[in-house]
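The chain contents come next:
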Amino acid sequence: MKVTEITETHFRKMVAVSSKRLSNNAEFINSLNVFPVPDGDTGTNMSLSFTSGAKYVSESTASSVGALTVSLAKGLLMGARGNSGVILSQIFRGFYKSAEKKESLNANDLATALTTGVETAYKAVMKPTEGTILTVAREAAKAAKKAASQSDDTVVVMEAAYEAAKKALASTPDLLPVLKEVGVVDSGGQGLTFVYEGFFDALSGNERANDDSHQPSVEEMEEMVNAEHHKSVQSQLNTEDIKYGYCTEIMVKLGAGRLVDSEFDYEKFRNHLNEIGDSLLVVADEEIVKVHVHTEQPGSVMTYGQHFGSLIKVKVDNMRLQHETILEHDNEETKNEVVAAENVGDYGIIAIASGAGLTNLFKSLGATYVLSGGQTMNPSTQDIVDAIEEIKAKKVIILPNNKNIFLAAQQAAKVVNIPAEVVASRTIAQGMTALIAFNPDEEIEENVENMSNEMDSVKSGQVTIAVRDTTIEGIKIKKDDYMGIIDGKIELTNVDRVTVAIQMVEKMLDGDSEIVTIIVGQEGTLDQAESIKSAILDIDEDLEIEIHQGDQPVYPYLISVE
């Protein structure tokens, strides 16, 4: 099918298809996270960002493609989450700058818009890195430009962009050594490739089976389930609203066992389970089938699996009990946020952190408002803007406390109508140290400089669990081992998290070290923290050691040395 002009109808369909494609494949993109920690959220961030853009488009009454590109860019900007979401928003910000006055787009218009998008995205990133989403976008635009010089068919141009994106994506491990070492392609580049795939399919009329959601392997599914259960959107529900209360996972060895009486058929198997639950994931090869489903009948799932083989793994969690625990944490954080919004002077300081204990710690150090978010839940640009507007300060300083929130924070600072600056704190420890240097009598520029300089005095350590086997920078990591991460770099692993914490601190200490702070997360314990403290004092009895309850997810212990 030839399309010489992309009309408003075409463009609406392109956005809708790509939004669905990203949503369907978000968990697969998450699984491409380089670090084997339970925080792979690139797919979620890109999907939520593009969904926001798609919502703006669907709500627009515009009849021109140009006006719709403005809506898409605005929605992406305000909904952008994480660095990947912000870069995606910048690609389409450039796209709209090129297309905003067009009634429709011809082949050359499309290629030019893609090219302008790349230029805008590169300018938005302080230090562009090749082997990322930027590389994929650039190569796709280059191919589109070449195709437009030879054809007036937008389908041909978009196909060239999509095929070039796939090729560039495959080459990302050659450009970024850590990708090659881990054996994955760039997750942000994969997300953009799905967007361009959706654009091409919408224009060409190409239909893909099951909307071509990526079929994960058994190993990939393990990570998908982990990521699914780290989401905090559960706090938006009431416990009594949970229809299916038992998270049930089984792994079946096909053809084995005394109760086998049926041949395995993937579609029949999946359809049957779909009738007794939701959040269904089924992956299979010739020997194994793995199931994740939320159901009221976990026993029925197990019994059904035995018709096809023996159960080699079974796991059942009561999600209603889990949900009540989540609500307790989230309600505490919400209560803290409302109190924090009162009593502000000229300055407002917004810190981003997850955990009731961390919220209290930041407030005790002078934060005006603590926005719930962090490693597994990046707030959007709109979330940060809303926080700025709620505190009604005359000027604002934002502490993202996570490098993946930098760009969204910077975008928020640009769109509000008051002076707003970002202190680029990469960790919770850096954010707290920066707060100590804040002086309400100084100008905002001086405060940002002083707070940024103060961050250099602290070393940040994180203890977390590995979600897969991998090798990074020569360190072999096994699934379920604990890792010690110092200033963003994995330094050691061990099966015991207390041992990891002690060895990590030993690496962090030097002759100038005076204070060690241990922040206990949801999966840590105060007893273990005391054991870590005793071991550290055995190393250096002159150190001052503080222990605080942080309640943060993902990291049982956050430890700083200064």
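These numbers come from a predicted model, not from an experiment.

**Thoughts on helix H20 (residues 497-508)**
The end-to-end C-alpha separation of H20 is 16 Å, in line with the 16 Å expected for 12 residues at 1.5 Å each. Of the residues making up H20, those classed as buried are Arg497, Val498, Val500, Ala501, Ile502, Met504, Val505 and Met508. The N-cap of H20, judged by a side-chain oxygen 3.4 Å from the amide nitrogen of valine 498 a few residues on, is aspartate 496.

**Comments concerning the sheet that holds strand E15 (residues 544-549)**
One open sheet holds the six strands; their spatial order is E13-E12-E9-E16-E14-E15, and the pairing between them is mixed. Strands at the two margins of the open sheet, each flanked by one partner only, are strand E13 (489-494) and E15. Pairwise comparison of adjacent strand axes, ignoring direction, gives a mean angle of 20° for this sheet. Pairing of strand E9 (residues 459-465) with strand E12 (residues 482-486), which is carried by five bridges, proceeds in the antiparallel orientation. Bridge assignment links glutamine 462 to a residue of E12, and that residue is isoleucine 485. Sheet contacts for helix H15 (residues 356-364): strand E14 (515-520) and E15; angle to E15, the most-contacted strand, approximately 125°.

**Some words on the pairing of E14**
With five of six residues buried, E14 is to be regarded as a mostly interior element. The pairing of E14 with E15 spans six bridges and is parallel. Considered in E15, the bridge of isoleucine 519 is made with histidine 548. Regarding topology, helix H21 (residues 526-539) serves as the crossover connection from E14 to the parallel E15, and that connection is right-handed. Sheet analysis places E14 next to strand E16 (residues 557-561), joined by five bridges and oriented antiparallel. From the neighbouring strand, isoleucine 519 faces E16, where its bridge partner is leucine 558.

**Some remarks on the confidence of the model for the protein**
Scored by pLDDT, the protein has a mean of 84; 87% of the residues are at 70 or more. For the protein, the element scoring lowest by mean pLDDT is helix H11 (residues 218-228), at 45; helix H7 (residues 133-148) scores highest, at 96. In the model, residues 215-237 has pLDDT below 50 throughout and makes 55 contacts with residues more than four positions away in sequence or in other chains. Counting interchain partners and residues more than four positions distant, the pLDDT-below-50 stretch residues 333-344 has 24 contacts.

Conventions adopted
Residues numbered from 1 in each chain as written. Predicted model: local features only at pLDDT ≥ 70, side-chain atom pairs only at ≥ 80, totals over all residues. Heavy atoms only, no water. Helix = DSSP H or I, 4+ residues; strand = E, 2+ residues; numbered from the N terminus. Expected span 1.5 Å × (residues − 1). Buried < 20%, exposed > 50% of the residue type's maximum accessible area, 1.4 Å probe, protein only. Polar contact = N/O pair within 3.5 Å; in protein donor to acceptor, adjacent residues only side chain to side chain. Pairing = 2+ DSSP bridges. Axes fitted to C-alpha atoms, helices over the stretch in contact; angles between N-to-C directions. Contact = heavy atoms within 4.5 Å. Right-handed = clockwise from strand over helix to strand, strands pointing away. pLDDT = per-residue confidence, 0-100.

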